[in-house]
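# Descriptive structure summary
The chain contents come next:
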Amino acid sequence: MAVLFAGMIFASILVVALHLAGYDAVAAVRDQSLSEGPEAGLLSNLGILLMGFSAATAGFGAWKASSLPLAFLSVFCCLFTIDDAFLIHERLGFWEFLAFALYGLLAFIVLFLFWKTADFFPWPVLVAFGAFAVSVAIDVVWGDLVIFILPPSQTQYFLWRAGFILEDLPKFGGILVLASFAMGESLLNPAFEKER
């Protein structure tokens, strides 16, 4: 939980600092292709980099230790990275729920495999997936809810834009948790100790 909160605090401080410096904080959390300023995609790109690192680290650990749970974690992280980098689920429109269902299925498989194969329940992974679920819920509901409840106004526009930040804070925290977990499991795995 500490890593999740550390990630969310880091992202919050970054957003506030950018806003105070006169940059568009919303552009910094969203994908780089959606804005033109120098801050565009800053947090998004950092998250993509960390998730790619998680995929590579878990993949290396899976290969080195013949770990099926780490292999599925690597697949999850790899798909997440590709999706985030190319905005795939955003382009699916109505069918976006299929991407979220695939992530949910992979998350369940990862948790089940760690619990059954690795003989422990991966609480950090559950925390990360929980943070992703909060992010998805905000992504799916927030904008429509704000537009439905409030009439067109500055407040509506502000809250609608704030939804992008609220969506990406737990997402970035979850990414940091997965990166830490993947690195810990890959480098601290007993299979590595035998080879040293």
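Residues numbered from 1 in each chain as written. Predicted model: local features only at pLDDT ≥ 70, side-chain atom pairs only at ≥ 80, totals over all residues. Heavy atoms only, no water.

### Some words on the overall build of the chain
The helix and strand inventory of the chain stands at nine helices and zero strands. In the chain, the succession of helices and strands from N to C terminus is α-α-α-α-α-α-α-α-α. For 196 residues, the compact-globule estimate of 2.2 N^0.38 gives 16 Å, and the chain sits close to it at 18 Å. Projected onto its principal axes, the C-alpha positions of the chain cover 60 × 35 × 25 Å. For the chain, buried positions account for 42% of its 196 residues. Here the analysis covers contacts within the chain between residues at least 6 apart in sequence; of these, 65% occur between residues at least 24 apart. On the chain, roughly 10800 Å² of surface is accessible, and the fraction owed to carbon and sulfur atoms is 73%. Taken together, the 8 basic and 16 acidic charged side chains of the chain have centroids lying 9 Å from each other. (Helix = DSSP H or I, 4+ residues; strand = E, 2+ residues; numbered from the N terminus. Rg over C-alpha atoms; globule rule 2.2 N^0.38 Å. Buried < 20%, exposed > 50% of the residue type's maximum accessible area, 1.4 Å probe, protein only. Contact = heavy atoms within 4.5 Å. Areas by Shrake-Rupley, 256 points an atom, 1.4 Å probe, with all protein chains shown as cover. Lys, Arg positive; Asp, Glu negative; His and termini not counted. Charge placed at Lys NZ, Arg CZ, Asp CG, Glu CD.)

### So, a nonpolar patch on the surface
There is a patch of nonpolar side chains on the surface, built from Ile 82, Phe 86, Ile 88, Leu 92, Phe 94, Trp 95, Phe 97 and Leu 98 and spanning about 830 Å² of accessible area. Elements with a minimum of two residues in the nonpolar patch: helix H4 (68-86) and helix H6 (96-116). If you trace the backbone, Ile 82 turns up in helix H4. (Patch = residues over 30% accessible without salt bridge, like charges linked within 9 Å, V, L, I, M, F, W, Y side chains within 5 Å. Salt bridge = Lys/Arg side-chain N within 4 Å of Asp/Glu carboxyl O.)

### Focus on the packing of H4 against helix H8 (residues 154-187)
Running from amino to carboxyl end, H4 crosses H8 at an angle of 145 degrees, the nearest separation of the two axes being 12 Å. Between H4 and H8 lies a crossing whose hand is left-handed. Contacts between H4 and H8 involve Leu 70, Leu 73, Phe 76, Cys 77, Phe 80 and Asp 84 from the former and Lys 171, Ile 175, Leu 178, Phe 181, Ala 182, Glu 185 and Ser 186 from the latter. Considered class by class, the residues forming the contact of H4 with H8 number nine nonpolar, one polar and three charged. (Axes fitted to C-alpha atoms, helices over the stretch in contact; angles between N-to-C directions. Left-handed = near helix turned anticlockwise from the far one by under 90°. Nonpolar A, V, L, I, M, F, W, Y, C, P; charged D, E, K, R; others polar.)

### Considerations on the packing of aromatic side chains
Scanning all chains against the criterion turns up 18 aromatic pairs. With centroids separated by 5.1 Å and ring planes inclined at 80 degrees, the aromatic side chains of Phe 94 and Trp 95 adopt a geometry described as edge-to-face. Residue Phe 94 is classed as exposed on the basis of its relative accessible area, which comes to 64%. With a relative accessible area of 49%, Trp 95 lands in the partly exposed category. One aromatic cluster is present, formed by Phe 76, Phe 80, Tyr 103, Phe 129 and Phe 132 through successive ring pairs. (Phe/Tyr/Trp six-rings, centres within 6.5 Å; stacked < 30°, edge-to-face > 60°.)

### Some details on the nonpolar core
It is characteristic of soluble globular proteins that their nonpolar side chains tend to be buried jointly. Membership of the largest hydrophobic core comes to 42 residues, with the highest contact counts inside it found for Met 51, Leu 73, Phe 76, Phe 129, Phe 132 and Leu 178. Secondary-structure elements contributing two or more residues to this core are helix H1 (2-20), helix H2 (25-29), helix H3 (42-65), H4, H6, helix H7 (123-149) and H8. Setting aside residues no more than four positions away along its own chain, Phe 129 makes contact with Phe 76, Ala 107, Val 110, Leu 111 and Leu 178. (Core = buried A, V, L, I, M, F, W, Y, C linked by side-chain atoms within 4.5 Å.)

### Quick look at the pattern of salt bridges
Under the definition given, this model contains three salt bridges. Across the salt bridge formed by Lys 171 and Asp 168, the nearest N and O atoms sit 3.8 Å from each other. Of this pair, Lys 171 and Asp 168 are both found in helix H8, three residues apart, which corresponds to roughly one turn of the helix. For the pair Lys 171 and Asp 168, a shared accessibility class is recorded, and that class is buried.

### Focus on the packing of H3 against H4
At their nearest, the axes of H3 and H4 sit 8 Å apart, and the two run at 155 degrees to each other. Taken together, the axes of H3 and H4 are roughly antiparallel relative to one another. Crossing hand, H3 versus H4: left-handed. Facing Ile 48, Met 51, Gly 52, Ser 54, Ala 55, Ala 58, Gly 59, Gly 61 and Ala 62 of H3, the residues of H4 in contact are Leu 70, Ala 71, Leu 73, Ser 74, Phe 76, Cys 77, Cys 78, Phe 80, Thr 81, Asp 84 and Ala 85. Among the residues forming the contact of H3 with H4, the class breakdown is 13 nonpolar, six polar and one charged. (Parallel < 35°, antiparallel > 145°, perpendicular 65-115°, else oblique.)

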